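Close look at the chain arrangement
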Amino acid sequence: MGAVSTDFRAPDLGTRRRHVVDRGFELLALGALLLALAALAVLVVDVLSDGAGRLNWQFMTDMASRRASSAGIYHALAGSVFVIALTGALALPIGVAAAIYLEEYGSARSKLSRLIEINISNLAAVPSIIYGLLGLGLFVRTLSMDRSVLAGASTLALLALPVVILSTREALRTVPKSIREGSYALGATKWQTIWFQVLPIAMPGILTGLILSLSRAIGETAPLITIGALTYVPFAPDGIWSAFTVLPIQIFNWVSRPQAEFQENAAAGIIVLLGLLLIMNAAAIFLRDRFQQQGRG
Amino acid sequence: MRSRTTEWVIERALLLCAILSVFTTAGIIIVLAIETAGFLREVSIFEFLFGTEWTPLFANKHFGVLPLVMGTVLVSSIAMVVALPMGLLSAIYLSEYAPAGVRRIVKPVLELLAGIPTVVYGYFALMFVTPLLQRFIPGLAGFNALSPGIVMGIMILPLVASLSEDAMRAVPRGLREGSYALGATRMQTSLSVVVPAAFSGITAASILAVSRAIGETMIVAIAAGQQPRLTASPLVPIETMTAYIVQVSLGDTPQGTLEYRTIFAVGMLLFLMTFTLNLISTWLRERFREEYA
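Residues numbered from 1 in each chain as written. Chains lettered and ligands numbered in written order. Predicted model: local features only at pLDDT ≥ 70, side-chain atom pairs only at ≥ 80, totals over all residues.

Time to look at the overall build of chain A. Regarding its fold elements, chain A presents 11 helices and zero strands. Along chain A, helices and strands appear, N-terminal first, in the series α-α-α-α-α-α-α-α-α-α-α. Its C-alpha atoms give chain A a radius of gyration of 26 Å, clearly above 19 Å, the size a compact globule of 297 residues would have. For the C-alpha atoms alone, the extent of chain A along its principal axes is close to 85 × 65 × 40 Å. Split into buried and exposed, the 297 residues of chain A put 46% on the buried side. Considering only contacts within chain A whose residues lie at least 6 apart along the sequence, 76% involve residues at least 24 apart. (Helix = DSSP H or I, 4+ residues; strand = E, 2+ residues; numbered from the N terminus. Rg over C-alpha atoms; globule rule 2.2 N^0.38 Å. Buried ≥ 20, exposed ≤ 12 C-beta atoms within 10 Å, placed from the backbone. Contact = placed C-beta atoms within 7 Å.)

Tallying secondary structure elements over chain B gives 12 helices and zero strands in all. Looking at chain B as a whole, 50% of its 293 residues are labelled buried. Excluding contacts between residues fewer than 6 apart, the proportion of contacts in chain B whose partners are at least 24 apart in sequence is 72%.

Turning next to unusual backbone geometry. Residue and element names in this part refer to chain A. Although it is not a glycine, serine 144 sits at a positive phi angle of roughly 50°. Note that serine 144 resides in the loop between helix 5 (128-142) and helix 6 (149-173). The backbone phi angle of aspartate 146 is positive, close to 60°, even though this residue is not glycine. Here aspartate 146 lies in the loop between helix 5 and helix 6.

Before going further, it helps to spend a moment on the environment of Arg288(A). One can find Arg288(A) in helix 11 (residues 260-296). Since 17 C-beta atoms lie within 10 Å of it, Arg288(A) is described here as partly exposed.

All names here are of chain A. Under the 1.5 Å per step criterion, the end-to-end length of helix 4 (residues 111-123) is 18 Å for 13 residues, consistent within 8% with the ideal 18 Å. Residues of helix 4 that are buried: Ile116, Ile120 and Leu123. Buried residues along helix 4 cover an arc of 65° about the axis, so they all sit on one side. Of the exposed residues in helix 4, those oriented more than 90 degrees away from the buried face are Lys111 and Arg114. (Expected span 1.5 Å × (residues − 1). Arc of directions from axis to C-beta.)

Between chain B and chain A, the contact holds 70 residues from the first and 66 residues from the second. Considering each element in turn, the side of chain B that touches chain A owes the most residues, 20 residues, to helix 1 (residues 2-42) of chain B. Here the side of chain B that touches chain A is composed, by residue class, of 45 nonpolar, 21 polar and four charged. (Nonpolar A, V, L, I, M, F, W, Y, C, P; charged D, E, K, R; others polar.)

A few words now on the environment of Ala52(A). Residue and element names in this part refer to chain A. Within the fold, alanine 52 resides in the loop between helix 1 (9-51) and helix 2 (57-61). Given 13 C-beta atoms within a 10 Å radius, alanine 52 is considered partly exposed. The spatial distance from the C-alpha of alanine 52 to the C-alpha of alanine 268 is 6.2 Å, given a sequence separation of 216 residues.

With that settled, the discussion passes to the confidence of the model for chain B. All names here are of chain B. The predicted model of chain B has a mean per-residue pLDDT of 90, with 98% of residues at 70 or higher. For chain B, per-element mean pLDDT is lowest for helix 4 (residues 100-115), which scores 85, and highest for helix 3 (residues 66-97), which scores 95. Two numbers describe this predicted complex: its pTM, 0.90, and its ipTM, 0.91. (pLDDT = per-residue confidence, 0-100.)

Attention now goes to the packing of helix 6 (residues 146-169) of chain B against helix 9 (residues 199-215) of chain B. Residues and elements named next belong to chain B. At a minimum axis distance of 8 Å, the contact between helix 6 and helix 9 shows a crossing angle of 155°. On the basis of the axis angle, helix 6 is roughly antiparallel to helix 9. Seen from above, helix 6 lies across helix 9 with right-handed handedness. Facing Met152, Ile156, Leu159, Val160, Leu163, Ser164 and Ala167 of helix 6, the residues of helix 9 in contact are Gly201, Ile202, Ala205, Ser206, Leu208, Ala209, Arg212 and Ala213. (Axes fitted to C-alpha atoms, helices over the stretch in contact; angles between N-to-C directions. Parallel < 35°, antiparallel > 145°, perpendicular 65-115°, else oblique. Left-handed = near helix turned anticlockwise from the far one by under 90°.)

Turning to helix 5 of chain A, a few remarks are in order. Residues and elements named next belong to chain A. With 15 residues, helix 5 ought to run about 21 Å at 1.5 Å a step, and its terminal C-alpha atoms sit 20 Å apart, in line with that. The sharpest bend along helix 5 comes to roughly 35°, located at glycine 135. Taken across its 15 residues, helix 5 has 13 buried, putting it largely inside the fold. In the stretch just after helix 5, serine 144 is the one whose phi turns positive, near 50°. (Bend = angle between axes of the 7 residues up to and from the residue.)

All names here are of chain A. Put simply, helix 3 (residues 74-105) and helix 6 touch, their axes get as near as 6 Å, and they point 40° apart. By the criterion of interaxial angle, the relationship of helix 3 to helix 6 is oblique. The interaxial crossing formed by helix 3 with helix 6 has right-handed handedness. Tallied by class, residues from the contact of helix 3 with helix 6 come to 21 nonpolar, five polar and four charged.

All names here are of chain B. One can find isoleucine 19 in helix 1. Classification of isoleucine 19 by C-beta neighbours within 10 Å gives partly exposed; the count is 17. Along the backbone, isoleucine 19 and arginine 176 are 157 residues apart, and their C-alpha atoms lie at a distance of 44 Å.

In structure tokens, the structure reads:
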């Protein structure tokens, strides 16, 4: 930078120095990025090396136990799957309906849809433990659901809703306008157009968003602890009114104990949880790829 | 005629689902407000906000929330010291230096960090980072603010990096080209042109990150201890607001007791803090969007 110089050597030297500094800065920035990625690698390796020895089929099929060596995670795994399935069943219809309203009906930039939009983006940033307090006050106490699978799933559904709504809206936005117009031209009503034309095309995108938000919800611990999901439930849930525990709570319970054997159990439980997340994310990526191919074809 | 009625009913049903989100916010505020009001009938708001001792679970009860707030601020500050420079540098690299191919691979991998359940980070902080730090810092207790703070920083780093990168990429190419034309290097362009131009976007990302750190629960519940104390030392056990709520929830607390109400009062404070930060962040982002619309 600076004024144009008549001395031809000085800027040359300056330029060289500036490029060395620039190169140094690039390496520093790259280093910060690599350090973050290294932290991810260290975390995964640490958990694998701590827990791999404990992981076997028996661990997967055994129930909770007060003895570390005979404790398994079957009940917690079953609880997680049950709660998440119910969470999805609650969040999908409500989330999609809300997104359809905002995207297809609320286009008039009305004050109401603007309020709802701001509200949703704010809800997405509310700490999950606050949802736990809401679930405790509303579902567990006021609606007397007690500490059931239903209370847990309802709480997580509220937590997942903002993400489901946002991703559904994005999926709806990718459906070309011409498809809607073609449907109208054939005499279809607005709802018929949405139900028979728009939703089928947007479905893979909607499901991708749903799976991603559920993979976030399945790792949630704090809201379920707050509604009082018991940490010692030595059985798998058998209905929506059943008491339950989930994988992250079981892991938290084991981590909190001082004995090394329980810590090993915690690491093995984490491997199972991360495996479950991997499967869910792979499913989401698979759906998204299919979606993109469809869009091109 | 029938189809018009159906259409009307469907639209109202869809609207109801959309309004459910407003009810959620209202529900949060109502539940927190009712229990907090009950709490404040027994404890003065002055003692709650400015008291320096928090012992609601002991025989000699004190309800000063400052130790919990201090614990939260301490851990969040450490997290931001880690996440802010590293996240910003990562964002600059991804936005200004990285070839498109590298960006395409690195960004999703970086976002994996944000998808890991927090209970896993808690385990990592307690079982790996704390023992590692204890080798270098002899006075470090088994439970402390430093280790969960660092790990929390790693957790929110992708948030800072990803949102900051979005803000930087939204800066018009013309500004960069003008800078290059004046002979500036990439570093000079990044630091003197792109970062200042994206400043409100970057600030919005940072504020959102602070809000995330304040509300983060499991890392501190596992690795920071459960001892509310008014200290700025990162080496001793502390307790955050969120960890306190978890601690009480683990016991079977009967409804209507003062102990039960404390978690709602603390939750209310937490909600107000994060809500304010989120509003500021949203406002800044909107302003940024207007600048380069």
